[in-house]
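Listed here are the chains, written in short residue letters.
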There are 2 protein chains.
Amino acid sequence: MFQVRDGELQALLWERARAPFSGCWSLPGGVLGEGETLEESILRHLETKVDVSEVAHLEQLGTWSEPERHPERWELATAYLGLVPVGIDPHVPADTRWHRVDELPPTAFDHGAIVLAGRERLRGKLSYSNVGFALAPPTFTLAELRDIYAAALGYDVSATNLKRVLVRRGVLEATGGRRTHGPSGGRPAEVFRFRSRSLEVTDQFAVFRPPS
Amino acid sequence: MFQVRDGELQALLWERARAPFSGCWSLPGGVLGEGETLEESILRHLETKVDVSEVAHLEQLGTWSEPERHPERWELATAYLGLVPVGIDPHVPADTRWHRVDELPPTAFDHGAIVLAGRERLRGKLSYSNVGFALAPPTFTLAELRDIYAAALGYDVSATNLKRVLVRRGVLEATGGRRTHGPSGGRPAEVFRFRSRSLEVTDQFAVFRPPS
DNA sequence: TAGGTTTTCGACTCATAGGCGATAACCTCG
DNA sequence: CGAGGTTATCGCCTATGAGTCGAAAACCTA
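Residues numbered from 1 in each chain as written. Chains lettered and ligands numbered in written order. Predicted model: local features only at pLDDT ≥ 70, side-chain atom pairs only at ≥ 80, totals over all residues. Heavy atoms only, no water.

Q: Sorry, what's going on with the sheet that holds strand 9 (residues 189-194) of chain B here?
A: Note on sheets: strands pair through backbone hydrogen bonds, and any given pair is parallel or antiparallel. Residues and elements named next belong to chain B. Spatial strand order, 7-9-8: 3 strands in an open sheet with antiparallel pairing. In the strand order of this sheet, the two ends are held by strand 7 (140-141) and strand 8 (172-179), each with one partner. The sheet contact formed by strand 8 and strand 9 spans 5 bridges and is antiparallel. Opposite Arg179, over in strand 9, you have Ala189 as the bridge partner. (Pairing = 2+ DSSP bridges. Helix = DSSP H or I, 4+ residues; strand = E, 2+ residues; numbered from the N terminus.)

Here it is in structure tokens:
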């Protein structure tokens, strides 16, 4: 589970009280039940940590199978990538905390590598899809969206260019409203929203394609 | 396993002799052994069908977990995408055949959907990576490479543009050799090869990025 | 109403992609 | 050996999308 918090990309982890990896931080999840779908299972285990209705996007990341990943048992793990919009502060249990992806604490198993794989997946999709909807609140100004993209991508982003690109692609649309920033004044910003709140991929990256 | 054969993208399938899905066509694979990596397992099962040293690229595609996918048992499947270069004609058992992905025969389980998911993954990566190396022979002319791309992508491709794009990206390089086409004459074509024969992703698709 | 602040717009440059005709370099056949 | 056919390649053009930057717009406070 990823969320942009305090201007940085953070991941939800819980601290293990028992061996193996006691004291290390671990991804939320658990054992797959018989006759259960992987996605059902993820949501079932997630419910013990957060309100799953706040998860705006969920997709399968991959399956890790190295036998050494677990010191005691032979156990595969299928990881999912989940995104929570900014502005939501889900209630989490005492052993569970958000951690900056850039400075992960010691992690259990291969969970550190899985988190980094999830970040790369997210970064790629931000460029060629509308996944941003799952990180952004329902409506937002361009400055706010720029900060979200910058946090997730890890580098500065120009608000001018971000708007042009996303509007041209039909990903963003103006709500018509305006919002003023704070006590310091400044021109009120236009308020935008994502046209769709389900994953859509930009087809423009199909290269070598003759314009039909 | 995909290969471009007779100018079309084809997938390797074997015909089931026993229930369930007797007479339907099935993906090569089998049950994961204890303490085995998924990739090791795939290669082990594949060895009974083809010479695995001819597989130029192998990557995990995803894990399918719907309980209804198997009529008798509860069974997950992790699928891999493998690519074999043109020109190789691996010896396969009697029950195993290549099938055009565009006209799949009746398939067992959800294997039809898995094949189509693999094709989409391949099509995407052809645009933003050098995966072509795994479909092309060691050296080739541009006309040959164009035909491979056209077969995999499903639409015509211009050789002029293909060369320009792949050379600019540093994916292709000329060997210096030339090759003449056949009895009908014509200017001899330049011979190319892929600069690298392992997967490399074009970074140009990271949009919103200021040129550092 | 002046000055500060933030947002937005427009003009420009740049890089990559795609189209098309011209030319190059081979063949075969008379 | 030259004419005509065939295939490959190159050069020039256009189109499109991305990135930069400065100017103007629209708010605030003093």
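Q: What is the right way to read the environment of B:Gly112 from this model?
A: Residue and element names in this part refer to chain B. For Gly112, the location among the structural elements is in helix 2 (residues 111-128). A relative accessible area of 14% means that Gly112 is categorised as buried. As for Gly112 and Ser26, which are separated by 86 residues in sequence, their C-alpha atoms are 8.5 Å apart. Residue contacts for Gly112: discarding those within four places in its chain leaves Leu104 and Thr107. (Buried < 20%, exposed > 50% of the residue type's maximum accessible area, 1.4 Å probe, protein only. Contact = heavy atoms within 4.5 Å.)

Q: Just to check I follow, could you spell out the protein's contact with DNA strand C for this structure?
A: Looking at DNA strand C, there are 28 residues lining it, with A:Lys163, A:Gly186, A:Glu190, B:Asn161 and B:Arg164 nearest. Close to the protein, within 4 Å, the atoms of DNA strand C belong to sugar or phosphate groups at a rate of 70%. Contacts to DNA strand C include B:Arg187, whose backbone N or O atom sits 3.3 Å from a base nitrogen. Sorting the residues of the surface near DNA strand C by element identifies helix 3 (142-153), helix 4 (159-168) and strand 9 (189-194) of chain A together with helix 4 (159-168) of chain B as the ones contributing at least two each. Of all the elements, helix 4 of chain B adds the most residues to the surface near DNA strand C, at 5 residues. (Near = heavy atom within 4 Å. Polar contact = N/O pair within 3.5 Å; in protein donor to acceptor, adjacent residues only side chain to side chain.)

Q: Looking at this structure, I do not really get the interface of chain A and chain B. What am I missing?
A: It is common to give the size of an interface as the accessible area that goes away when the parts come together. Listed as interface residues are 33 residues of chain A and, on the opposing side, 33 residues of chain B. Buried surface at the junction of chain A and chain B, summed over both partners, amounts to about 2600 Å²; 64% is from carbon and sulfur atoms. On the chain A side of the contact with chain B, A:Trp74, A:Tyr155 and A:Phe208 bury the most area, a combined 29% of that side's loss. Linking chain A with chain B are 0 salt bridges, by the criterion used here. (Buried area = accessible area lost by both parts, 1.4 Å probe. Salt bridge = Lys/Arg side-chain N within 4 Å of Asp/Glu carboxyl O.)

Q: It is not clear to me how the sheet that holds strand 7 (residues 140-141) of chain A should be interpreted in this structure. Could you clarify?
A: Residues and elements named next belong to chain A. Reading across from one edge, 7-9-8 is the order of the 3 strands in this open sheet, with antiparallel pairing throughout. What marks the edges here is a single partner per strand, and that holds for strand 7 and strand 8 (172-179). Pairing between strand 7 and strand 9: 2 bridges, direction antiparallel. Bridge pairing in strand 9 places Phe140 opposite Phe192.

Q: What should I look at first to understand the domain arrangement of chain A in this one?
A: Residue and element names in this part refer to chain A. By domain assignment, chain A separates into domain 1 (2-127) and domain 2 (129-205). Look at where the C-alpha atoms of domain 1 and domain 2 centre, and you get two points 26 Å apart. Domain 1 puts 16 residues into the contact, and the matching count from domain 2 is 17 residues. When the two sides are added together, the surface that domain 1 and domain 2 hide from each other amounts to roughly 1500 Å², 68% of it contributed by carbon and sulfur. At the boundary of domain 1 with domain 2, the tally comes to 5 residue pairs in polar contact (both at pLDDT 80 or more). Those elements that place two or more of their residues in the side of domain 1 that touches domain 2 are strand 2 (8-15), strand 4 (57-64), strand 5 (77-84) and helix 2 (111-128). Examining the composition of the side of domain 1 that touches domain 2, we find that 5 residues originate from one element, helix 2, more than from any other. (Domains from an automatic or database assignment.)

Q: What am I meant to see in the packing of aromatic side chains here?
A: In this description, a pair of aromatic rings is defined by centroid distance and the angle of the planes. With the rule as written, the count across this model stands at 6 aromatic pairs over all chains. When the centroid spacing of 5.6 Å and the interplanar angle of 85° are considered together, the rings of A:Phe208 and B:Tyr149 count as edge-to-face. Linking A:Phe208 in the segment after strand 9 with B:Tyr149 in helix 3 (residues 142-153), this pair reaches from one chain into another. For B:Tyr149, a relative accessible area of 2% translates into the label buried. When the centroid spacing of 5.5 Å and the interplanar angle of 50° are considered together, the rings of B:Phe140 and B:Phe194 count as tilted. Residue B:Phe140 is located in strand 7, and its partner B:Phe194 is located in strand 9; the two are separated by 54 residues in the primary sequence. Given the relative accessible area of 0%, B:Phe140 is considered buried. Taking the relative accessible area as the measure of exposure, B:Phe194 reaches 2% and is therefore buried. (Phe/Tyr/Trp six-rings, centres within 6.5 Å; stacked < 30°, edge-to-face > 60°.)

Q: For this particular structure, what's the right way to read the relation of the copies chain A and chain B?
A: Superposing the two chain copies requires a rotation about an axis and a translation along that axis. Take chain A, turn it by 180°, move it 0.0 Å along the axis, and it overlays chain B with an RMSD of 0.0 Å. Here the transformation between the copies is reduced to the relation of a two-fold axis. Measuring from the rotation axis to each C-alpha of chain A, the shortest distance belongs to A:Gly62, at 3.1 Å. Counting the interface residues of chain A, we find that 100% of their copies in chain B are interface residues as well, pointing to one common contact surface. (Least-squares fit on C-alpha atoms with pLDDT ≥ 70 in both.)

Q: What should I look at first to understand the protein's contact with DNA strand D in this one?
A: A:Asn161, A:Arg164, A:Arg168, B:Lys163 and B:Glu190 are the nearest of the 28 residues found near DNA strand D. Here DNA strand D approaches the protein such that, of its atoms within 4 Å, sugar and phosphate make up 71%. Measuring from a base oxygen of DNA strand D, one finds a backbone N or O atom of B:Gly186 at 3.4 Å. Contacts to DNA strand D include B:Phe208, whose backbone N or O atom sits 3.4 Å from a phosphate oxygen. For the surface near DNA strand D, the element with the most residues is helix 4 of chain A, which contributes 5 residues. For the surface near DNA strand D, the per-class residue count stands at 11 nonpolar, 8 polar and 9 charged. (Nonpolar A, V, L, I, M, F, W, Y, C, P; charged D, E, K, R; others polar.)

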